[in-house]
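Architecture and fold: a report
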Amino acid sequence: MKNSLIITFAILLFSSCFLTKTIAQKKEGLKDALKPDFFIGTALSVNQVAGKDPRALAVVRKHFDAIVPENCMKSMFLQPEQGHFFFDDADRFVAFGERNHLWMTGHCLVWHSQTPAWLFVDKNGKDVSRDTLIARMRNHIMTVVGRYKGRIKGWDVVNEAFNDDGTYRKSKWYEIIGEDFIPLAFKFAHEADPNAQLYYNDYGLANAAKRNAVVKLVQSLKAQGLRIDAVGEQGHNGMNYPDLRELEKSIEAFAATGVKVMITELDLTVLPTPTHTETADVSTNFEYQKSLNPYPDGLPEAIDSAWTQRYLEMFKIFLRHKDVISRVTLWGISDADTWRNDWPIKGRTDYPLLFDRQYNAKPVVAEIIKAANEMNKKNGKNKS
Ligand code: G3I
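Note that the coordinates shown come from a computational prediction; the quantities given were computed from them, not determined experimentally.

**Comments concerning the site of the ligand**
- Around the ligand, 15 residues are found, and the nearest of them are Glu70, Lys74, His107, Glu160 and Glu265.
- Between the ligand and Glu265 there is a distance of 2.7 Å, counted from a nitrogen atom to a side-chain nitrogen or oxygen.
- Within the side chain of Trp331, a nitrogen or oxygen atom sits 2.9 Å from an oxygen atom of the ligand.
- In isolation the ligand offers 790 Å² of accessible surface; the protein chains occlude 50% of this area.
- Of the residues assigned to the shell around the ligand, the class counts are four nonpolar, seven polar and four charged.

Rendered as structure tokens:
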């Protein structure tokens, strides 16, 4: 009798411990597991910030502790006409971040894309002078960074300034101002908010030529006494690119210059890359498009599991380098709202993010949490 009571008690105790642990694991978000390591962030669209998508917001609150605006802080939206700023969406974004105690990054101050039509030209449509463009850049940066001083904690100051071969992209910024446009942008951003962290952000940085160009840039900014806190490595990855050893080398190379590394725009596409030239108009070729959209109704199991494995491998690399990585940000919340569905071909069905079209966490989320917990059990670290 006594023995059976003891056994029943032991079983009850074991089951309740097991249940409590399971419930705790279910409640644990990415941000809880990754707290000792780095911020885990997501990009937010204007609609999400405006609360039009409550399921997305629930995911943000549970899983993320950092946000970045996907579009509303780009110059074409913030200053559509010279001197006329539009801050409604950006203000809502910042208010949302503050209400939810989220680390906020501003994206992005100087970029060749999504610039307003007036920015580089005079009233006759001719390129403005170097001095005029510098003055316009300064005014834009001072106004935008100044408005969110002390509230937005870090800025993508310059975005995508290099070509894949490491040469400067021949953007209007470069053509009119020259290489100096980068140090000037960092100088103005620091002037506008001396406490804000400042980042250089680009894609394809696992590629050695581009990586070396960015290493040289960081060294040169530092040599000029300018503030730069981190390199943002966009992570618009595919199933066979980048080579993850090269990705790891790039993290190490940037860290060796003394700055932090941020994985800033992470997603992992499963869709084929079209090999068409600019003269082949894929949008008018239905059959061709169809072959480039192979999974409209869901992923085959083998692809899904390879995708999960690759995501996990990437996160294991990030965790191994948690001492130098200060943030990992996904470029969106769910597969329903990723830019990947519309690029480089409109209307495809892609699966690049951690949450599916119904905002359910994919199995990889639990795997990442497990990997983080295991690693943190071995050795902790407080994020900086
Ligand atoms: O706001 C207009 C709207 O008025 C118009 O009706 C509609 C018609 O298509 O377009 C809307 O603008 C779109 C904008 O997103 C805002 O939704 C543009 O067409 C669309 O091209 C734009 O795409 C964004 C892209 O940057 C622009 O280059 C993507 O959402 C955004 O995810 C993407 O993000 C970039 C990062 O900023 C930098 N790194 C690469 C990354 C992926 O391209």
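Read on for the rest.
**Quick look at helix H13 (residues 301–320)**
- The end-to-end C-alpha distance of H13 is 28 Å, a good match for the 28 Å that 20 residues give at a rise of 1.5 Å each.
- If you check which residues of H13 are buried, you get Trp307, Thr308, Arg310, Tyr311, Leu312, Met314, Phe315, Ile317, Phe318 and Leu319.

**Re the nonpolar core**
- Met73, Met137, Trp155, Val158, Tyr311, Phe315 and Phe318 are the most contacted members of the largest nonpolar core, which totals 104 residues.
- Residues within four places of Val158 in sequence aside, it is in contact with Val110, Phe181, Ile182, Ala185, Phe186, Tyr199, Tyr200 and Asn201.
- Counting residues in hydrophobic clusters, the runner-up holds six residues, among them Phe39, Trp103, Tyr199 and Met262.

**Side note on the pattern of salt bridges**
- Scanning all chains against the criterion turns up 17 salt bridges.
- Across the salt bridge formed by Lys322 and Asp37, the nearest N and O atoms sit 3.3 Å from each other. Of this pair, Lys322 sits in the loop between H13 and strand S9 (325–330) while Asp37 sits in the loop between helix H2 (30–34) and strand S1 (39–44), placing them 285 residues apart in sequence.
- Residue Asp37 is classed as buried on the basis of its relative accessible area, which comes to 0%.
- Glu98 is the salt-bridge partner of Arg151, the closest N and O atoms lying 2.8 Å from each other. Remark: Glu98 occurs in helix H6 (residues 88–99) and Arg151 occurs in the loop between helix H7 (130–147) and strand S4 (154–159); sequence separation between them is 53 residues.

**Some words on unusual backbone geometry**
- The omega torsion of the bond from Tyr241 to Pro242 falls at -5 degrees, within 30 degrees of zero and hence cis.
- Among the structural elements, Pro242 can be located in the loop between strand S7 (236–238) and helix H11 (244–256).
- A cis amide bond links Trp343 with the next residue in sequence, Pro344, at an omega value of 0 degrees.
- Along the chain, Pro344 turns up in the loop between S9 and helix H14 (363–378).
- One non-glycine residue, Gln114, lies in positive phi territory at about 50 degrees.
- Here Gln114 lies in the loop between strand S3 (103–110) and H7.
- Overall, Gln114 belongs to the partly exposed group, its relative accessible area being 23%.

**A look at the packing of helix H10 (residues 208–223) against H11**
- Where H10 contacts H11, the two axes come as close as 10 Å, and the packing angle between them is 10 degrees. Between H10 and H11, the crossing angle belongs to the class labelled roughly parallel. Two secondary-structure elements touch here, H10 through Arg211, Val214 and Val215 and H11 through Glu246, Lys249, Ser250, Ala253 and Phe254.
- When its residues are assigned to classes, the contact of H10 with H11 shows four nonpolar, one polar and three charged.

**Some points on the pairing of strand S5 (residues 197–202)**
- Across the six residues that make up S5, a large majority, five, are buried.
- Both S4 and S5 contribute to a ladder of five bridges, which runs parallel. Within S5, the position partnered with Asn159 by the bridge is Asn201.
- Both S5 and strand S6 (residues 230–233) contribute to a ladder of four bridges, which runs parallel. When the sheet's bridge partners are listed, Tyr199 is paired in S6 with Ala230.
- Where the polypeptide runs from S5 across H10 and back to S6, its parallel neighbour, the crossover connection is right-handed.

**Brief notes about helix H9 (residues 181–192)**
- With twelve residues, H9 should cover 16 Å at 1.5 Å per step; its first-to-last C-alpha distance of 16 Å lies within 8% of that length.
- In terms of burial, H9 is a largely internal element, nine of the twelve residues being buried.
- Residues of H9 that are buried sit in contact with S3, H7, S4, helix H8 (172–177), S5 and H10.

**Here's the deal with the confidence of the model for the protein**
- With 88% of its residues at a pLDDT of 70 or more, the protein shows a mean pLDDT of 91.
- For the protein, the element scoring lowest by mean pLDDT is helix H1 (residues 2–27), at 50; H9 scores highest, at 99.
- Here residues 12–25 scores under 50 on pLDDT; set against residues more than four positions off or in separate chains, the count is zero contacts.
- Note that residues 276–286 has pLDDT below 50 and, in this model, six contacts with residues that lie over four places away or in other chains.

**Remarks on the environment of Asp229**
- The residue Asp229 is located in the loop between H10 and S6 in this model.
- The sequence separation of Asp229 and Val218 amounts to eleven residues, and the corresponding C-alpha distance is 9.4 Å.
- Here Asp229 is in contact with Ala196, Gln197, Leu198, Tyr199, Val259 and Lys260, once residues within four sequence places are set aside.

Each value, and the rule that gives it
Residue positions are given per chain, counted from 1 along the sequence in the order it is written. Where totals are concerned, whole chains, interfaces and linings use all residues; where local detail is concerned, this predicted model gives features only for residues with pLDDT of at least 70, and gives and counts side-chain atom pairs only at 80 or more. Working from all heavy atoms in the structure, the side-chain values ignore hydrogens and water. Whether a residue is near a molecule or strand is decided by its heavy atoms; if any one of them lies within 4 Å of it, the residue is near. We define a polar contact as two N or O atoms separated by no more than 3.5 Å, with the added condition that, inside protein, one atom must be a possible hydrogen donor and the other a possible acceptor, whereas residues neighbouring each other in sequence contribute only through side-chain atom pairs. Only the protein chains shown count as cover for residues, and all accessible areas are computed by the Shrake-Rupley method using a 1.4 Å probe. Gly is placed with the polar residues, together with every amino acid not listed as nonpolar (Ala, Val, Leu, Ile, Met, Phe, Trp, Tyr, Cys and Pro) or charged (Asp, Glu, Lys and Arg). Secondary structure elements are defined from DSSP: runs of H or I of at least 4 residues count as helices, runs of E of at least 2 residues count as strands, and each element is numbered from the N terminus. Multiplying 1.5 Å by the residue count of a helix minus one yields the expected span of that helix. Each residue's exposure class comes from its accessible area (1.4 Å probe, protein chains only) as a fraction of the maximum for that residue type: buried when under 20%, exposed when over 50%, partly exposed otherwise. Among buried residues, those of type Ala, Val, Leu, Ile, Met, Phe, Trp, Tyr and Cys that are joined through side-chain atoms within 4.5 Å constitute a nonpolar core. Two residues qualify as a contact provided that any one of their heavy atoms is within 4.5 Å of a heavy atom in the partner residue. We count a salt bridge whenever a side-chain nitrogen from Lys or Arg sits within 4 Å of a carboxyl oxygen from Asp or Glu. In this analysis, axes come from line fits to C-alpha atoms, helices being fitted only over the stretch in contact, and the angle between any two N-to-C directions falls in the range 0 to 180 degrees. Throughout this description, any angle smaller than 35 degrees is read as roughly parallel, any larger than 145 degrees as roughly antiparallel, any in the 65 to 115 degree range as roughly perpendicular, and the remainder as oblique. Two strands are said to pair when DSSP picks up at least two bridges between them. Orient the strands so they point away from the viewer, and a crossover whose first-strand-to-second-strand path over the helix runs clockwise is right-handed. For every residue, the predictor assigns a confidence score, pLDDT, that lies between 0 and 100.

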